[in-house]
Amino acid sequence: MSAPSAFRSVICKARKAHKCCECHVVINIGDQYQYSSGVWDGEPDDYKQSLGCGEIFDAVTRDGGEVCFTHLRDFLFDSDCNHADERAVFAKIIGVDADAIARLMDLEVSS
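Numbering of residues begins from 1 in every chain and follows the order in which that chain's sequence is written. Whole-chain, interface and lining totals are the exception, using all residues; otherwise, since this is a predicted model, local features are given only for residues with pLDDT of at least 70 and side-chain atom pairs are given and counted only at 80 or more. With hydrogens and water set aside, each side-chain value is computed from the structure's full complement of heavy atoms.

By definition, any uninterrupted DSSP run of H or I lasting at least four residues is a helix, any uninterrupted run of E lasting at least two residues is a strand, and each is numbered from the N terminus. When its secondary structure is counted, the chain shows 4 helices and 5 strands. Secondary structure elements in the chain, listed N-terminal to C-terminal, are β-β-β-β-β-α-α-α-α. Only the C-alpha atoms count toward the radius of gyration. The rule for a globule is 2.2 Å times the residue count to the power 0.38. Here the chain has a C-alpha radius of gyration of 14 Å; the compact-globule value for 111 residues is 13 Å, and the two agree. Each principal axis of the C-alpha atoms in the chain carries an extent, and together these give about 40 × 35 × 20 Å. Of all 111 residues assigned to the chain, the portion counted as buried reaches 34%. In the chain, 44% of the contacts between residues at least 6 apart in sequence involve partners at least 24 apart. All accessibility values rest on the Shrake-Rupley procedure with a 1.4 Å probe; residue burial counts only the protein chains present in the view. Split by element, the accessible area of the chain, about 6,800 Å² in all, is 49% carbon and sulfur. Taken as two groups, the 11 positive and 19 negative side-chain charges of the chain have centres that lie 10 Å from each other. The buried label applies to any residue whose accessible area, calculated with a 1.4 Å probe on protein chains only, is under 20% of its type's maximum; exposed applies above 50%, and partly exposed to all values in between. Any pair of residues with heavy atoms lying within 4.5 Å of one another is described as a contacting pair. Two residue types count as positive, namely Lys and Arg, and two as negative, namely Asp and Glu; His and chain ends fall outside the count. Taken as the charge centre is NZ of Lys, CZ of Arg, CG of Asp or CD of Glu, depending on the residue.

Listed below in structure tokens is the structure:
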């Protein structure tokens, strides 16, 4: 997928239940979530992420990491984040909590 020709990302408060496009957790009414919308290859699309997944996604893509919406978990497995030692190093590099990555990947949390 190419870079979007238009893009916007904001934090919203849910007025109805949604599902995170990354971890599939339910975003309940009243919860905050990250809403991203844009135009990719001439087609508009939008995505809703839990705040935790949005933080990890932003950290991964901030320095040019290429990961598509709905594929964050695959990206993390491809980056060997399913191993605790590699996950800890990766989390430190991108500046997020290693346990948050473990939760997204449905792995056992260290604490």
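From this point, the narrative continues.
A few words now on the layout of surface pockets. A volume near 410 Å³ is recorded for the largest pocket. Detection works on a 1 Å grid of protein atoms alone, calling trapped sets that fit a 1.4 Å probe cavities and calling open sets with protein on both sides within 12 Å along at least five of seven lines pockets, with lining residues defined by an atom within 4 Å of a point. Pro-4, Trp-40, Phe-57, Val-67 and Cys-68 are the residues nearest the centre of the largest pocket, which is lined by 18 residues in total. Sorting the residues of the lining of the largest pocket by element identifies strand 1 (6-13), strand 4 (32-40) and helix 1 (51-62) as the ones contributing at least two each. Throughout, the ten residues Ala, Val, Leu, Ile, Met, Phe, Trp, Tyr, Cys and Pro are labelled nonpolar, Asp, Glu, Lys and Arg are labelled charged, and all others, Gly among them, are labelled polar. Tallied by class, the residues present in the lining of the largest pocket amount to 10 nonpolar, 6 polar and 2 charged. Grid points are joined across faces, edges and corners, and a volume is the space filled by probe spheres set on the points.

Taken together, the buried positions of helix 3 (residues 84-94) are Arg-87, Phe-90, Ala-91 and Ile-94. For helix 3, the buried positions fall inside an angular range of 100 degrees around the axis, keeping them on one side. Across helix 3 from its buried face, at more than 90 degrees, point the exposed residues Asp-85, Val-89, Lys-92 and Ile-93. Its buried side turned inward, helix 3 meets helix 1, helix 2 (72-78) and helix 4 (98-104). Positive phi shows up at Gly-95, right after helix 3, with a value of about 80 degrees. Taken from the helix axis, the directions to the C-beta atoms give the arc we talk about.

With respect to the element layout, Trp-40 can be found in strand 4. Sequence-wise, Trp-40 and Phe-7 are 33 residues apart; in three dimensions their C-alpha atoms are separated by 8.9 Å.

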